[in-house]
Amino acid sequence: MERGSKVTVLGAGLMGHGIAQVASQVGMFEVSILDVEKAYLDRGMKMIQDSIGKFVERGKLTKDEGDAALKRIHPTMDLREAVGGSQLVIEAATEDPRLKLDLYRKLSQLAGEDTILASNTSSISITLLGSVTGRPENVCGMHFFNPPQLMPLVEIIKGNRTSDETVNRVREASAKLGKETVLCKKDSPGFIVNRLLVPALNEAIFLVHEGVADPEDIDKAVRLGLNWPMGPLQLLDYVGLDTTLNITEVFMNEFQDSKYRPSPLLREMVRAGFTGRKSGKGFYEWSSPSATKAK
Ligand code: NAD
């Protein structure tokens, strides 16, 4: 992608705002960001503004660079305007297969023929998304990590009909966004990172459920014994127990293998509304969204 190219981000939520910010902060691209309601778009732009403010405060960007980055981001609710002239569309809309399929059908009508349609989905098949576009060779997975502004990795996922050229273009674009990449050669649920992480988190819940150890000790063991920066149960509270349960269910359905069975305690806690940090309670108590009570 040449300097001055346009990058489009669909969805201004947790991930979309961060991806748009990354694309703008590298200083080479004009960025269009779309959401379906003005309130969501405004919230996304506010998150970008606050995050750029923090980069400036910490001396990672000058005030002028921060202002210029903000100016390169163009919010819109019009899909035609968002994707018109764009070389790369990064879709970070709600994780709902029906919603995404509907969006990809529209994209195939509105995006340029050469435009790459990259999805940040964590669990929906790239092959499936490509299948409704009439140009599956241009559809690829581009999986960022939260928060995209700080996390250096992008997993590139090759769908069954994704072309090598598309993979190479996504690899180059990711490098220009300052990211390291790994290639997931097959469109396999959980890709690399979540395939490893989610069963490990689930196993930690089994340890609690079986009464083998308390959450604090499991987390301490993994921090000090495996050098993880955060224990698995604390991490679960951050990721969200509901999100984790959804992923284990995708694994169960797709692999048809009982080794991915979610812990009954995970199910019970989600039913009870203890979804982690966002609800105020998971394996730890979170009195306010920013308070850390976990050890
Ligand atoms: P989110 O709920 O914070 O944001 C999703 C946004 O998409 C919302 O603002 C919603 O209004 C918007 N949206 C809904 N329909 C849309 C449409 N048709 N067009 C454009 N925008 C639309 O969700 P999120 O956590 O940012 O997740 C977005 C995607 O990123 C999902 O596919 C998710 O699997 C993936 N992802 C999430 C994480 C994470 O840690 N949250 C990490 C990696 C990947």
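Residues numbered from 1 in each chain as written. Predicted model: local features only at pLDDT ≥ 70, side-chain atom pairs only at ≥ 80, totals over all residues. Heavy atoms only, no water.

**Q** Is there a simple way to explain the pairing of strand E8 (residues 180-184) in this structure?
**A** Each regular strand shows side chains that alternate between the opposite faces of the sheet. Bridge count between strand E7 (residues 153-157) and E8: five bridges; the pairing is parallel. Considered in E8, the bridge of Val154 is made with Thr181. Crossover handedness for the path E7 to helix H7 (residues 164-176) to E8: right-handed. (Pairing = 2+ DSSP bridges. Helix = DSSP H or I, 4+ residues; strand = E, 2+ residues; numbered from the N terminus. Right-handed = clockwise from strand over helix to strand, strands pointing away.)

**Q** Got a minute to help me understand H7 in this structure?
**A** Helical periodicity: at 3.6 residues per turn, an α-helix aligns residues three or four positions apart in one direction. Under the 1.5 Å per step criterion, the end-to-end length of H7 is 18 Å for 13 residues, consistent within 8% with the ideal 18 Å. Taken together, the buried residues of H7 touch strand E4 (88-91), strand E5 (116-119), strand E6 (139-144), E7 and E8. (Expected span 1.5 Å × (residues − 1). Contact = heavy atoms within 4.5 Å.)

**Q** I keep staring at the domain arrangement of the protein and nothing clicks. Help me out?
**A** It is common to give the size of an interface as the accessible area lost on bringing the parts into contact. Under the domain assignment used here, the protein contains domain 1 (6-184) and domain 2 (195-279). Look at where the C-alpha atoms of domain 1 and domain 2 centre, and you get two points 28 Å apart. (Domains from an automatic or database assignment.)

**Q** Would you explain unusual backbone geometry in this entry?
**A** Cis geometry marks the peptide bond from Asn146 to Pro147, where omega comes out at -5°. Positionally, Pro147 belongs in the loop between E6 and E7. Non-glycine residue Asn227 carries a positive phi angle of around 65°. When you line up the elements, Asn227 lands in the loop between helix H9 (215-226) and helix H10 (232-239).

**Q** Any chance you could explain the site of the ligand here in plain terms?
**A** In the vicinity of the ligand, 22 residues are found, and the nearest of them are Met15, Asp35, Glu95, Lys100 and Asn120. One of the side-chain nitrogen or oxygen atoms of Asp35 is found 2.6 Å away from an oxygen atom of the ligand. Against a free-state accessible area of 820 Å², the protein chains account for coverage of 78% of the ligand. Sorting the residues of the shell around the ligand by element identifies helix H1 (14-25), helix H2 (38-57), helix H5 (97-110) and E6 as the ones contributing at least two each. Residue contributions to the shell around the ligand peak at three residues, all from H5. Among the residues forming the shell around the ligand, the class breakdown is 10 nonpolar, eight polar and four charged. (Near = heavy atom within 4 Å. Polar contact = N/O pair within 3.5 Å; in protein donor to acceptor, adjacent residues only side chain to side chain. Areas by Shrake-Rupley, 256 points an atom, 1.4 Å probe, with all protein chains shown as cover. Nonpolar A, V, L, I, M, F, W, Y, C, P; charged D, E, K, R; others polar.)

**Q** Help me out: how do you make sense of the sheet that holds strand E1 (residues 6-10) in this one?
**A** One key point about sheets: their strands pair by backbone hydrogen bonds, in either a parallel or an antiparallel sense. On the basis of which strands lie adjacent, the open sheet formed by eight strands has the order E3-E2-E1-E4-E5-E6-E7-E8 and mixed pairing. A strand with exactly one partner marks an edge of an open sheet, and here the two such strands are strand E3 (73-76) and E8. Adjacent strand axes in the sheet meet at a mean angle of 25° when their direction is disregarded. (Axes fitted to C-alpha atoms, helices over the stretch in contact; angles between N-to-C directions.)

**Q** For this particular structure, what's the right way to read a nonpolar patch on the surface?
**A** Side chains of Val182, Ile192 and Leu196 sit close together on the surface and give an oily, nonpolar patch of about 250 Å² of accessible area. By the element assignment, Leu196 lies in helix H8 (residues 193-209). Residue class for Leu196 comes out exposed when judged on its relative accessible area of 62%. (Patch = residues over 30% accessible without salt bridge, like charges linked within 9 Å, V, L, I, M, F, W, Y side chains within 5 Å. Salt bridge = Lys/Arg side-chain N within 4 Å of Asp/Glu carboxyl O. Buried < 20%, exposed > 50% of the residue type's maximum accessible area, 1.4 Å probe, protein only.)

**Q** Would you take a moment to explain the pattern of salt bridges for this structure?
**A** Oppositely charged side chains can pair when the atoms bearing their charge come close. Counted by the stated rule, this structure contains 10 salt bridges. For Arg267, the salt bridge is made with Glu249, and the minimal N-O distance between the two is 2.8 Å. You can see Arg267 sitting in helix H12 (residues 264-271) and its partner Glu249 sitting in helix H11 (residues 241-255), a full 18 residues away along the chain. Using a relative accessible area of 29% as the deciding quantity, one classes Arg267 as partly exposed. When its relative accessible area of 27% is taken as the criterion, Glu249 is described as partly exposed. For Glu285, the salt bridge is made with Lys281, and the minimal N-O distance between the two is 3.4 Å.

**Q** Sorry if this is basic, but what is going on with the packing of aromatic side chains here?
**A** Two measures describe an aromatic ring pair: the distance that separates the ring centres and the angle between the ring planes. Tallying each qualifying case throughout the model produces four aromatic pairs. Between Phe251 and Phe255, the aromatic rings sit 5.8 Å apart at their centres with planes inclined by 65°, giving edge-to-face as the arrangement. Placement of both Phe251 and Phe255 in helix H11 is noted, with a separation of four residues, approximately one turn of the helix. Take Phe251: its relative accessible area is 1%, and that puts it in the buried class. Judged by its relative accessible area of 26%, Phe255 falls in the partly exposed class. Taken together through their ring pairs, the aromatic side chains of Phe251, Phe255 and Tyr260 make up a single cluster. Over the aromatic face of Phe274 sits the side chain of Lys281, whose NZ or CZ is 5.1 Å from the ring centroid. (Phe/Tyr/Trp six-rings, centres within 6.5 Å; stacked < 30°, edge-to-face > 60°. Lys NZ or Arg CZ within 6 Å of the ring centre and 35° of its normal.)

**Q** Just checking my understanding: could you explain the nonpolar core for this structure?
**A** Note that soluble globular proteins tend to have their nonpolar side chains buried in a common cluster. Ile33, Leu88, Ile90, Met142, Phe144 and Leu177 are the most contacted members of the largest nonpolar core, which has 35 residues in total. Contact partners of Leu88, with chain neighbours within four places excluded, come to Met1, Lys6, Val7, Thr8, Thr115, Ile116, Ala118, Met142 and Ala173. Counting 20 residues, the second largest nonpolar core, distinct from the first, contains Leu79, Ile124, Leu129 and Cys184. (Core = buried A, V, L, I, M, F, W, Y, C linked by side-chain atoms within 4.5 Å.)

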